[in-house]
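Descriptive analysis of the structure
This is what each chain is made of:
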Amino acid sequence: MSAFIVLGAQWGDEGKGKMTDYLAEEADVVVRFQGGNNAGHTVEVEDKQYKLHLIPSGILHDDKLNVIGNGVVVDPKALFTEIDYLINLGIKVTPEKLVVSDRANVIMPYHRELDALKEKARGKNDIGTTGKGIGPCYTDKVERCGIRVCDLLHKEVFEEKLRINIEMKNDYIKLLGGEPLIFDKIFNEYLAYAERLRPFVKDTSVVVYDKIKEDKRVLFEGAQGMLLDIDYGTYPYVTSSNTTSGGVSNGVGIGPTMITNAVGIAKSYTTRVGKGPFPTELEDATGDWIREKGHEYGTTTGRSRRCGWLDLVILKTSVRVCGLTSLVVTKIDTLAGLNKLKVCVGYELNGKVIDYFPASLEDLAKCKPVYEEFEGWEDEVANARSYEELPDNAKKYLKKIEEFTGTKVSIVGVGPKRDQSIRVTAEL
Ligand code: GDP
Ligand code: IMO
Ligand code: MG
């Protein structure tokens, strides 16, 4: 029995999509458990690039089952746009290959509208959301007025829930200066989605449980990253779901005792999109150099990603909060060419050095990173396929990560393509 998690150990965009696609070779089922189409997971296979948002990154393999679990918020319009995009690229997307939970909450047009209006109302305190309606949809889930996939499939239930929601949301939308939405237009649009969605819908808790019991290998693909977690992230500059390992059990409907391993994906430096604290941020020429060499522009919104040095305090926190059994370090090819590298090994706060991530943003703002300096590596490493082929200085850098976090590095990424991965340990 094996079920393992692949999740982001920083602020997202660590390379989860690429690693999920790579590790899907060792799995039978790939499951998304939280988030929605705010995610942007890039996978490159041979000369083709695929950008996935809502569909699990196992979809490029013909023989894998892909599951959108109950913890995901599903925008049907975005789902069908993505399905059509994949079909156009020659990828098979059928109900035999993709199933969607009947318990997942549905993103409605008023969620997208409210996301934009609330951001505007926040003014200079905006979060910098992706604008996909994620926060407002999760708000409705917790408020207990959300529309779930199973509701969408029952015309009368959907009609009643939609009517009540539109009435309430229109008051709010008007208050925030927006245009009220029209019931009939949304009702008809979503009834059409419901019919297209119907064959894909299942009780995915049963599907995943049965697969694990049949000794199939299940990979849980995280979206976002540990520091965007609603509980453990840099609140309120976070997303609205549990991105950490704890989110898997609730977001899929299986017990935590069924999960064997958790792999944290970490970029060899740090990036962040949107607002919020970032202790090792480089707002200088080095930061710009990393952004350009690493093509650090958002997959979902195209925004430029803020770049900074690797922060081991963050990775240590991820190991603890997510119970990581190994780390995957991506993009060490991007760092090639930098003379010296800095790695954050603690924060100085009120005259003391700490090695944990403080809860209060005010404390975090006072934290000064304590750096250790490393020699860089000049050689490009994109063609390396074994650990031995890596430059000595890159190996020292990886060793430091292992020592500080007390966690082994199982895979190293040396490029965006599926085969540009170095397997260091068989065990994840
Ligand atoms: P995700 O959201 O975690 O799936 O990451 P994104 O796809 O948003 O961003 C990661 C970017 O880095 C993508 O463009 C990937 O193709 C690319 N990538 C992933 N791993 C590596 C790597 O080891 N080296 C390089 N150069 N690019 C990588
Ligand atoms: P992947 O899966 C990076 C960020 C947004 C914003 C905050 C809240 O590709 O790693 P939301 O729309 O979720 O309410 O936005 O979270 N964010 C991400 N940043 N990668 C992502 O996903 C993200 N998904 C959301 O930029 O700061
Ligand atoms: Mg991304």
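First, a word on what this report is: a plain description of the structure on this page. Please read these numbers as outputs of a predicted model, since none were measured by experiment.

Right, let's talk about the site of ligand 1 for a bit. Neighbouring ligand 1 are 19 residues, the closest being Lys16, Gly17, Gly40, Thr42 and Asp333. Val414 places a polar main-chain atom, nitrogen or oxygen, 3.4 Å from an oxygen atom of ligand 1. The separation between a nitrogen atom of ligand 1 and a polar main-chain atom of Gly415 is 3.2 Å. Here ligand 1 has 580 Å² of accessible area as a free molecule, and 92% of this is covered by the chains. When atoms are counted within 2 Å of each cavity's grid points, the one that captures over half of ligand 1 is the second largest pocket. Broken down by element, the residue count for the shell around ligand 1 peaks at 3 residues, all from helix α1 (residues 16–23). A domain split of the shell around ligand 1 shows at least three residues from each of domain 1 (2–101 + 202–262) and domain 3 (265–423).

Moving on: the coordination of the magnesium ion (ligand 3). Around the magnesium ion (ligand 3), the protein supplies Asp13 (OD) and Gly40 (O) as donor atoms, at distances of 2.0 to 2.2 Å. Of the two residues, Asp13 sits in the loop between β1 (2–8) and α1 while Gly40 sits in the loop between β2 (29–32) and β3 (41–45), which places them 27 residues apart along the sequence. The class for Asp13 is partly exposed, based on a relative accessible area of 22%.

Take Asn66: it is sitting in strand β5 (residues 65–68). Note on Asn66: relative accessible area 0%, which makes it buried. Placed 18 residues apart in sequence, Asn66 and Lys48 show a C-alpha to C-alpha distance of 20 Å. Excluding residues within four positions of it along the chain, Asn66 makes contact with Val30, Pro56, Gly58, Ile59, Lys97, Leu98 and Val99. A distance of 3.3 Å separates the side chain of Asn66 from the backbone oxygen of Lys64, its partner in a polar contact.

Along its 15 residues, helix α7 (residues 183–197) runs 21 Å from first to last C-alpha, staying within 8% of the 21 Å computed at 1.5 Å per residue. Restricting attention to buried positions, one finds in α7 the residues Phe183, Ile186, Phe187, Tyr190, Leu191, Tyr193, Ala194 and Leu197. All buried residues of α7 project into a common sector of 165° when viewed along the axis, lining one side.

Moving on to helix α11 (residues 312–322). The element α11 is largely enclosed, with a buried count of 8 among its 11 residues. Within α11, burial applies to Leu312, Val313, Ile314, Leu315, Thr317, Ser318, Val319 and Cys322. For α11, the N-terminal capping position is held by Asp311, with its side-chain oxygen 2.9 Å away from the main-chain nitrogen of Val313. At the exit of α11 stands Gly323, carrying a positive phi of roughly 60°.

What follows deals with the site of ligand 2. Taken together, 20 residues sit near ligand 2, with Lys16, His41, Thr130, Gln224 and Thr239 positioned nearest. At 2.8 Å, a backbone N or O of Asp13 approaches an oxygen atom of ligand 2. Contact between ligand 2 and Val273: an oxygen atom at 3.2 Å from a main-chain N or O atom of the residue. Using a 2 Å cut-off from the grid points, one finds that ligand 2 occupies the largest pocket. Considering only residue class, the shell around ligand 2 consists of 7 nonpolar, 10 polar and 3 charged.

This part covers the pattern of salt bridges. Under the definition given, this model contains 29 salt bridges. Among the ionic pairs, Lys16 bridges to Glu14, the shortest N-O distance being 2.8 Å. With a relative accessible area of 0%, Glu14 lands in the buried category. Here Glu119 ties to Arg122 by a salt bridge, and the two come within 2.5 Å at their closest N and O atoms. Here the residue Glu119 and the residue Arg122 both occupy positions in helix α3 (residues 109–122), the gap between them amounting to 3 residues, near one helical turn. On the basis of relative accessibility, which here comes to 11%, the residue Glu119 falls in the buried class. Put simply, Asp13, Lys267, Glu296, Arg305 and Lys331 are held in one network by salt bridges that share partners.

Scoring rules and cut-offs
Residues numbered from 1 in each chain as written. Chains lettered and ligands numbered in written order. Predicted model: local features only at pLDDT ≥ 70, side-chain atom pairs only at ≥ 80, totals over all residues. Heavy atoms only, no water. Near = heavy atom within 4 Å. Polar contact = N/O pair within 3.5 Å; in protein donor to acceptor, adjacent residues only side chain to side chain. Areas by Shrake-Rupley, 256 points an atom, 1.4 Å probe, with all protein chains shown as cover. 1 Å grid on protein atoms, 1.4 Å probe; cavity = no way out; pocket = protein on both sides within 12 Å on 5 of 7 lines; lining within 4 Å. Sits in = over half its atoms within 2 Å of the grid points. Helix = DSSP H or I, 4+ residues; strand = E, 2+ residues; numbered from the N terminus. Domains from an automatic or database assignment. Donors = N, O, S within 2.8 Å, 3.2 Å for Na, K, Ca; no water. Buried < 20%, exposed > 50% of the residue type's maximum accessible area, 1.4 Å probe, protein only. Contact = heavy atoms within 4.5 Å. Expected span 1.5 Å × (residues − 1). Arc of directions from axis to C-beta. Nonpolar A, V, L, I, M, F, W, Y, C, P; charged D, E, K, R; others polar. Salt bridge = Lys/Arg side-chain N within 4 Å of Asp/Glu carboxyl O.

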